[in-house]
There are 2 protein chains.
Amino acid sequence: MTETDAAPLSGRKQQAARNDTVILDAAREVFLADPKAPIAAVAARAGVGISALYRRYSGKEELLRRLCHDGLLLFTARAQTALAEADPWQGLTGFLQEIVDADVHSLTVHLAGTFTPTPEMGATARQAGELVARLVQRALAGGSLRPDAVLGDITLLLESCAAVRVPDPARTRELRARHLALLLDGLAAEPDRTALPGPAPTAPELNWRWRTP
Amino acid sequence: MTETDAAPLSGRKQQAARNDTVILDAAREVFLADPKAPIAAVAARAGVGISALYRRYSGKEELLRRLCHDGLLLFTARAQTALAEADPWQGLTGFLQEIVDADVHSLTVHLAGTFTPTPEMGATARQAGELVARLVQRALAGGSLRPDAVLGDITLLLESCAAVRVPDPARTRELRARHLALLLDGLAAEPDRTALPGPAPTAPELNWRWRTP
DNA sequence: GCAGAGCGGAACGATCCGTTCCACTGTTAT
DNA sequence: ATAACAGTGGAACGGATCGTTCCGCTCTGC
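As a convention, each chain's residues are numbered from 1 in the sequence order in which they are written. Chain letters and ligand numbers both follow the written order, the letters beginning at A and the numbers at 1. Residue-level local features of this predicted model are given only where pLDDT is at least 70; pairs of side-chain atoms are given and counted only at 80 or more, and the full residue set underlies all totals for whole chains, interfaces and linings.

A. Seen up close, the overall build of chain A. Looking only at helices and strands, chain A features 10 helices and 0 strands. Elements are defined by DSSP. Helices are runs of H or I of four residues or more, strands are runs of E of two residues or more, and each kind is numbered from the N terminus. Its helices and strands taken in sequence order, chain A reads α-α-α-α-α-α-α-α-α-α from the N to the C terminus. With respect to the three principal axes, the spread of C-alpha positions in chain A is 65 × 45 × 30 Å. Expressed as a percentage of its 213 residues, the buried residues of chain A come to 33%. A residue pair is marked as a contact if its C-beta atoms, positioned from the backbone, fall within 7 Å. The long-range share in chain A, meaning contacts at least 24 apart out of those at least 6 apart in sequence, stands at 71%. As a rule, residues whose C-beta atom has 12 or fewer other C-beta atoms within 10 Å are exposed, those with 20 or more are buried, and those in between are partly exposed; C-beta atoms are placed from the backbone.

B. How the structure looks around the interface of chain B and chain A. Residue-level contacts link 29 residues of chain B with 28 residues of chain A. Elements supplying a minimum of two residues to the side of chain B that touches chain A: helix H8 (151-163), helix H9 (169-187) and helix H10 (203-206) of chain B. The element best represented in the side of chain B that touches chain A is H9(B), accounting for 11 residues.

C. Geometry of helix H2 (residues 39-46) of chain B. Residue and element names in this part refer to chain B. Buried residues of H2: Val42, Ala43 and Ala46, and no others. The buried residues of H2 occupy an angular sector of 95° when the element is viewed end-on, so they sit on one face. Remark: Gly47 follows H2 within two positions and exhibits a positive phi of approximately 75°. Taken from the helix axis, the directions to the C-beta atoms give the arc we talk about.

D. Quick peek at the protein's contact with DNA strand D. Near DNA strand D there are 22 residues, and of these A:Gly11, A:Pro38, A:Gly59, B:Gly49 and B:Ser51 occur at the shortest range. Every element with two or more residues in the surface near DNA strand D is listed here: helix H1 (12-33), helix H2 (39-46) and helix H3 (50-56) of chain A together with helix H1 (12-33) and helix H3 (50-56) of chain B. Tallied by class, residues from the surface near DNA strand D come to 9 nonpolar, 8 polar and 5 charged. Here is the check we use: build the C-beta atom from the backbone, and if it is within 6 Å of the molecule or strand, call the residue near. For this classification, Asp, Glu, Lys and Arg are treated as charged, while Ala, Val, Leu, Ile, Met, Phe, Trp, Tyr, Cys and Pro are nonpolar and the rest, including Gly, are polar.

E. Up close: the relation of the copies chain B and chain A. Superposition of chain B onto chain A requires a rotation of 180° combined with a translation of 0.0 Å along the rotation axis, giving an RMSD of 0.0 Å. This pairing of chains is accounted for by a two-fold axis. Taking C-alpha positions as reference, the residue of chain B nearest the rotation axis is B:Gly186, located at 1.9 Å. By residue overlap, the copies meet face to face through one surface: 97% of the interface positions of chain B are interface positions in chain A. Superposing copies: least-squares fit, C-alpha atoms only, residues required to have pLDDT of at least 70 in both.

F. Geometry of the nonpolar core. One finds A:Ala27, A:Leu67, B:Ala27, B:Leu67, B:Leu92, B:Leu135 and B:Val136 to be the most contacted residues of the largest nonpolar core, which totals 99 residues. Filtering out sequence-adjacent residues up to four positions away, B:Leu92 remains in contact with B:Ala82, B:Leu135, B:Val136, B:Ala139 and B:Leu145. We call a set of buried Ala, Val, Leu, Ile, Met, Phe, Trp, Tyr and Cys residues a nonpolar core when their C-beta atoms link them within 7 Å.

G. Up close: the domain arrangement of chain A. Residues and elements named next belong to chain A. We note that the domain assignment places domain 1 (1-56) and domain 2 (61-210) within chain A. Segment limits for the domains were obtained from an automatic or database-derived domain assignment. The centre of domain 1, based on its C-alpha atoms, is set 30 Å off from the matching centre of domain 2. Here the side of domain 1 that touches domain 2 is composed, by residue class, of 4 nonpolar, no polar and 2 charged.

H. Spotlight on the confidence of the model for chain A. Values of pLDDT, the confidence the predictor places in each residue, fall between 0 and 100. With 94% of its residues at a pLDDT of at least 70, chain A reaches an overall mean of 93. Here residues 1-9 of chain A is a poorly scored stretch, pLDDT under 50, and it has 3 contacts once near neighbours within four places are set aside; other chains count.

I. Molecular detail of the packing of helix H4 (residues 60-84) of chain A against helix H7 (residues 119-141) of chain A. All names here are of chain A. Remark: H4 packs on H7, axes separated minimally by 9 Å, with the N-to-C direction vectors making an angle of 25°. Classified by the angle between their axes, H4 and H7 sit roughly parallel to one another. Relative to H7, H4 is oriented so that their crossing is left-handed. Touching Cys68, His69, Leu72, Leu73, Phe75, Thr76, Ala79, Gln80, Ala82 and Leu83 of H4 are Met121, Thr124, Ala125, Gln127, Ala128, Leu131, Val132, Arg134 and Leu135, all from H7. Along the lines of polarity and charge, the residues of the contact of H4 with H7 split into 13 nonpolar, 5 polar and 1 charged. Only the stretch in contact is used when a helix axis is fitted, and all axes are lines through C-alpha atoms; the angle between N-to-C directions ranges over 0 to 180 degrees. Convention used here: angles under 35 degrees read as roughly parallel, angles over 145 as roughly antiparallel, angles from 65 to 115 as roughly perpendicular, and any remaining angle as oblique. Rotating anticlockwise by less than a right angle from the far helix to the near helix defines a left-handed crossing, while the corresponding clockwise rotation defines a right-handed one.

J. Up close: the protein's contact with DNA strand C. Near DNA strand C, the surroundings consist of 22 residues, among which A:Val48, A:Gly49, A:Ser51, B:Pro38 and B:Gly59 are the closest. Counting residues per element, the ones that place at least two in the surface near DNA strand C are H1 and H3 of chain A together with H1, H2 and H3 of chain B. Its residues assigned to classes, the surface near DNA strand C comprises 9 nonpolar, 8 polar and 5 charged.

K. Representation of helix H8 (residues 151-163) of chain A in the model. Residue and element names in this part refer to chain A. Each residue after the first adds 1.5 Å to the expected span of a helix. With 13 residues, H8 should cover 18 Å at 1.5 Å per step; its first-to-last C-alpha distance of 19 Å lies within 8% of that length. Counting buried residues in H8 gives 12 out of 13 residues, a clear majority hidden from the surface. Those residues of H8 that sit buried are Leu151, Gly152, Asp153, Ile154, Thr155, Leu156, Leu157, Leu158, Ser160, Cys161, Ala162 and Ala163.

L. Structural detail: the packing of helix H5 (residues 88-102) of chain A against H7(A). Residues and elements named next belong to chain A. One way to put it is that H5 packs onto H7 with a least axis distance of 8 Å and a crossing angle of 140°. By the angle class used here, H5 and H7 are oblique. Judged by the sense of rotation from one axis to the other, the crossing of H5 with H7 is left-handed. Here Pro88, Trp89, Gly91, Leu92 and Phe95 of H5 come into contact with H7, specifically with Leu135, Val136, Arg138 and Ala139. Residues that form the contact of H5 with H7 fall into these classes: 7 nonpolar, 1 polar and 1 charged.

M. Representation of unusual backbone geometry in the model. Even without being glycine, A:Asp192 reaches a positive phi, approximately 60°. With respect to the element layout, A:Asp192 can be found in the loop between helix H9 (169-187) and helix H10 (203-206). Even without a glycine there, the phi angle at B:Asp103 is positive, about 60°.

N. How the structure looks around the environment of A:Ala44. All names here are of chain A. Here Ala44 is to be found in helix H2. The exposure class of Ala44 is partly exposed, given the 14 C-beta atoms found within 10 Å. With 147 residues separating them along the chain, Ala44 and Pro191 place their C-alpha atoms 55 Å apart.

O. Molecular detail of the environment of A:Ser51. Residue and element names in this part refer to chain A. With respect to the helices and strands, Ser51 occurs in helix H3. Given 9 C-beta atoms within 10 Å, Ser51 falls into the exposed group. The spacing of Ser51 and Glu85 is 34 residues in sequence and 45 Å in space, taken between C-alpha atoms.

Right, dumping it as structure tokens:
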């Protein structure tokens, strides 16, 4: 329990600063496990009182928004670096593996619906979509992604991976990775594939979660 | 409003018999859209009063169980006929397409957790698992399913397809069919596939929903 | 020492929802 | 005809849940 750093650290400020991150981490864990968990559960998990929460966020909604927006930001950041990857297929699949592994998609999708998105988040979401679209375009142009695949198929892929869940979080990550591998094998270009059925999913169809009204 | 059949039909019995099915249909629709919808929503959707519901079921739980068990029964029935199909691959894929299209899996999985399963349901679920296991075995033996695939991968596949959702139910069906096609392409045997990662999912791991305590 | 930032957690108030209850309607049997 | 009743609609009740507020306490920085 004794803190032994050079910097002044036993102070209240220190404790408060630590709580900042502890609370965010707890919130992420709790709301990922159950998007409509009560706010008291977050406080309990963080080992703090409810006041510590309300001191930082005006209410549940703001906390949720913060979580979701952070996820969105991480998402776009990863997409950016993936675009820097030389091999288009490696860029796309590596990106998807990262996103699925970090469970970012649950953050942005499971949580949507539990709060009303801000216009700013809508903008970030749109930007994220554009980045992934470019990843898809590159992979299509490179001939590594099957020609009838579409941006919307990637969106669906992420949702479907987020649906894979078992009680143990670590095992969940493994199972998602396996499921993703299956999907990527289906997405890879192969000779003699029969075309994917039905009208391909379009962006507006899939973005209904971000509608503001 | 005037009933004009030959049989005696304006009777209260008639109305009651119709309500039997109307209520079940409404319950299916409502609970598929939102597993924790209030019971009043079911009554409203069915166009009946709450009494009509409570006359038939002792409570919400019993209704949910009935819905889920019906789904389970449909599931096993389809699996049975799929086993009669000569071509193992066609049997497996056709079966999955039917299940996904009828949204049976949402019935059995989304709803689980909203009620405590009966031992009987556990038995039916186990039987369903065995049937699918045989479908998988056949496909593996026939060489049409990739050799490193496992029963659990099929379970995961169904969960992931059930996760594909857009506001319009009809469109949801189309998108699920497309997503399933993707997954099946990933599941098909191909030369030069890299093995699926991680320890393969096992049955007990995936059946945690049916635990009784 | 003292002012106050930061905190814990009880208490409050609103909402939601499963279930019960009762008055009413049409049917069937006497 | 009329009594008894199965079937029904929907208001009302009671319990549970949860977001938020509030008050008293602690410990720090001056």
